[in-house]
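Architecture and fold: a report
Residue-level listing of the chains:
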Amino acid sequence: KSNTTTIIESTCKTTNYYKFCVSALKSDPRSPTADTKGLASIMVGVGMTNATSTANYIAGNLSATVKDTVLKKVLQDCSEKYALAADSLRLTIQDLDDEAYDYASMHVLAAQDYPNVCRNIFRRVKGLAYPVEIRRREASLRRICGVVSGILDRLVE
Amino acid sequence: SHHVYKRLTQSTNTKSPSVNQPYRTGFHFQPPKNWMNDPNGPMIYKGIYHLFYQWNPKGAVWGNIVWAHSTSTDLINWDPHPPAIFPSAPFDINGCWSGSATILPNGKPVILYTGIDPKNQQVQNIAEPKNLSDPYLREWKKSPLNPLMAPDAVNGINASSFRDPTTAWLGQDKKWRVIIGSKIHRRGLAITYTSKDFLKWEKSPEPLHYDDGSGMWECPDFFPVTRFGSNGVETSSFGEPNEILKHVLKISLDDTKHDYYTIGTYDRVKDKFVPDNGFKMDGTAPRYDYGKYYASKTFFDSAKNRRILWGWTNESSSVEDDVEKGWSGIQTIPRKIWLDRSGKQLIQWPVREVERLRTKQVKNLRNKVLKSGSRLEVYGVTAAQADVEVLFKVRDLEKADVIEPSWTDPQLICSKMNVSVKSGLGPFGLMVLASKNLEEYTSVYFRIFKARQNSNKYVVLMCSDQSRSSLKEDNDKTTYGAFVDINPHQPLSLRALIDHSVVESFGGKGRACITSRVYPKLAIGKSSHLFAFNYGYQSVDVLNLNAWSMNSAQIS
């Protein structure tokens, strides 16, 4: 086994999604030269891309298919929440640069909270179903944030 | 930054919350996990309500305090944001403690907060939004001029007792004023600072107000109220022409852990608060809430012309239980607060927005006589998460017992005469969070006494009795009590907001408030029941009883 693989594997061991963590990190060209902190940063980057993509998907593709003005407004709000999640992850990267790992954890938690807000917005409007695709994307962002939290725990130790 | 990391990781508990959560509230504000205490910097900005609060990101006990942040458009449903203020520089490296927001005349909000410096001295700092076009004001920057106010040898301020700046107000001389809680030996005081530009602050030689003997004044609040009507007034207001304003000074007494207020006049020339006759700013002053309630703070809601009060309610369970359930502390439902027509007390009432959570209404009690010793169950309501309003009418007031002259402490009367002790009139009221066979219940009730023999003056006592609230032994089950300034010839109203482990009770349409925390073992969820009762010697009429099942608020 190469040294890089070992670092990735041992880093991912502390997370709840080992397989996903390993494959996500291995597919980034920066991983082979990264230390644990670097791997955390890469994973946060994966989260930022994911959240931004969801924000765009909701505001674009999904919104284009609906005519109902209430639903359109809800989608707009939801898209904004995913953009805010991406922004919280931007703050996480700043914290990582400063080696302020606890603040990094704090900001990851916040990033993870925003998808809940989107789900709640749907719940607040009677008769609106929470779209399956948003549910899937919510789970996906939660998984990435969970992995970041796991790596951060390792850095704090 | 390494220092920050080391400081924050003095973790007290990293356990994840337990899955079974019978005591988490459904419509009260609480973070997803961990410790919360004081509400901070409440405000409305561009139509969005902001609540910051003292929060421990690392555990369910106090420590590692940051300013957590949530926003809302209705004061009931809340969206979380990343913590807004956390230790980052020498002037707050050991903690970011409580403070307040001020909206400047150009509309820009700023925050004054207490920082703990490397010498563990308490200093006052300013933070302002990084981006004013972000309606959520998610990121805050701290001024390089911090600390703006600090104890030193010249000003003689007690460096370990100098905290909790208020919302600032603008004087006639165009200078800002702010007060900060402090003490010198046993003297509690509100130190005044003034400033032209909000950045360079000068300590006034005299405090706004002080009291010898009451100890540390925490979380002061100072605001005007209009003499007539229930509308709120902006904090810097001098009043409209012909409008008479009074001022309220509120302090949180560190010694007793209660919030007290006095009503009086603000002398703008001398910068002195003068309490009205009958008021003294110490532990004898009236309280916002006679139960568990602390570190409260108001703000002026410019969108709805009202003043809103936030307050923190701590747990009454053991620290071990708090760690086990993974959280500690709730905020009470925000209350509209205004001056009673008498000018002698404040009235508080849950903001109307909470009524939007009401669902199915039960009206099974109307013009019903509650005979001596009777109890009526209110069916059809989710009793663990409900809003109840009941209106009692007492007929034979002359049958009331005469109050003993020595009975001046309402809490003492309530705990000495528990709910099983019959008097002429009372106890009558509600039993909430009750198990089917009353192994557990929390009772909120009235007793009416004659002020003297052959007198037609009466004393109305309101009690909240937690002594039978749970089969579990090690909770704080202190009984609470308050006198309610109402004439019992009129109907007596009692409202209770019941939410799993909290009961907020309002007597006499908000003339007396009692908040309690309880942790039943049997009366949880669907096994929780609600009763109206009368254990006094005389019958009492229930003119009306409305109960609503409450939806959960979205507070993630």
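To start, this report covers the structure provided alongside it.

All names here are of chain A. Examined against the element boundaries, Arg136 turns out to sit in helix α6 (residues 132–156). Residue class for Arg136 comes out partly exposed when judged on its relative accessible area of 48%. Distance in space between the C-alpha atoms of Arg136 and Tyr18 is 19 Å, their sequence separation being 118 residues.

All names here are of chain A. Relative to each other, helix α4 (residues 69–97) and α6 sit at 15 degrees, their axes nearing to 13 Å. Taken together, the axes of α4 and α6 lie roughly parallel to each other. Once α4 is placed against α6, the crossing between them reads as left-handed. Listed contacts from α6 to Leu75, Tyr82, Ala85, Leu89 and Leu96 of α4 are Ile134, Arg137, Glu138, Leu141, Leu152 and Leu155. Split by residue class, the contact of α4 with α6 holds nine nonpolar, no polar and two charged.

In total, this model carries 51 salt bridges over all chains according to the counting rule given. For Asp321 of chain B, the salt bridge is made with Lys472 of chain B, and the minimal N-O distance between the two is 3.3 Å. A residue pair is termed long-range when its members are at least 10 positions apart, and Asp321 of chain B in helix α2 (residues 319–325) and Lys472 of chain B in the loop between β31 (458–465) and β32 (480–484) qualify at 151 residues. Looking at Asp321 of chain B, the relative accessible area reads 21%, which means it is partly exposed. One salt-bridge network, in which partners are shared between bridges, spans Asp87 and Arg90 of chain A together with Lys130, Asp134, Arg138 and Glu139 of chain B.

Turning to the interface of chain B and chain A, a few remarks are in order. Each partner contributes residues to the interface: chain B has 26 residues there, and chain A has 25 residues. Remark: the boundary between chain B and chain A carries five salt bridges. Residues Lys81 of chain A and Asp79 of chain B are paired through a salt bridge, measuring 4.0 Å at the closest nitrogen-oxygen approach. At the junction of chain B and chain A, the tally comes to eight residue pairs in polar contact (both at pLDDT 80 or more). For the side of chain B that touches chain A, the secondary-structure elements that each account for two or more residues are α1 (2–8) and β4 (79–85) of chain B. In terms of residue class, the side of chain B that touches chain A is made up of 14 nonpolar, six polar and six charged.

Moving on to the sheet that holds strand β15 (residues 217–226) of chain B. All names here are of chain B. Strands sit in the order β15-β16-β17-β18 across an open sheet of four strands; the sheet is antiparallel. The open sheet is flanked by β15 and β18 (272–275), the only strands paired with a single partner. In this sheet, neighbouring strand axes are inclined to one another by 40 degrees on average, regardless of whether the strands run parallel or antiparallel. Judged from the eight bridges that link them, β15 and strand β16 (residues 245–253) form a sheet pairing that is antiparallel. By the bridge assignment for β16, Val225 is matched with Lys246.

Turning next to the packing of helix α2 (residues 18–26) of chain A against helix α3 (residues 36–64) of chain A. Residues and elements named next belong to chain A. In the contact formed by α2 and α3, the axes pass within 10 Å of each other and the chain directions differ by 95 degrees. The angle between α2 and α3 falls in the class roughly perpendicular. Along its contact with α2, which presents Cys21, Ala24 and Leu25, the element α3 presents Leu39, Ile42 and Met43.

Here, the word disulfide means a covalent bond between the sulfur atoms of two cysteines. Residue and element names in this part refer to chain A. Across all of its chains, the model carries three disulfides over all chains by this definition. Put simply, Cys78 and Cys118 are joined by a disulfide, and their sulfur atoms are 2.1 Å apart. The sign of the S-S torsion, about 95 degrees, decides the handedness of the disulfide formed by Cys78 and Cys118: right-handed. One end of the pair, Cys78, is in helix α4; the other, Cys118, is in helix α5 (residues 101–124), and 40 residues separate them in sequence.

Cut-offs used in this document
Residues numbered from 1 in each chain as written. Chains lettered and ligands numbered in written order. Predicted model: local features only at pLDDT ≥ 70, side-chain atom pairs only at ≥ 80, totals over all residues. Heavy atoms only, no water. Helix = DSSP H or I, 4+ residues; strand = E, 2+ residues; numbered from the N terminus. Buried < 20%, exposed > 50% of the residue type's maximum accessible area, 1.4 Å probe, protein only. Axes fitted to C-alpha atoms, helices over the stretch in contact; angles between N-to-C directions. Parallel < 35°, antiparallel > 145°, perpendicular 65-115°, else oblique. Left-handed = near helix turned anticlockwise from the far one by under 90°. Contact = heavy atoms within 4.5 Å. Nonpolar A, V, L, I, M, F, W, Y, C, P; charged D, E, K, R; others polar. Salt bridge = Lys/Arg side-chain N within 4 Å of Asp/Glu carboxyl O. Polar contact = N/O pair within 3.5 Å; in protein donor to acceptor, adjacent residues only side chain to side chain. Pairing = 2+ DSSP bridges. Disulfide = S-S within 2.5 Å.

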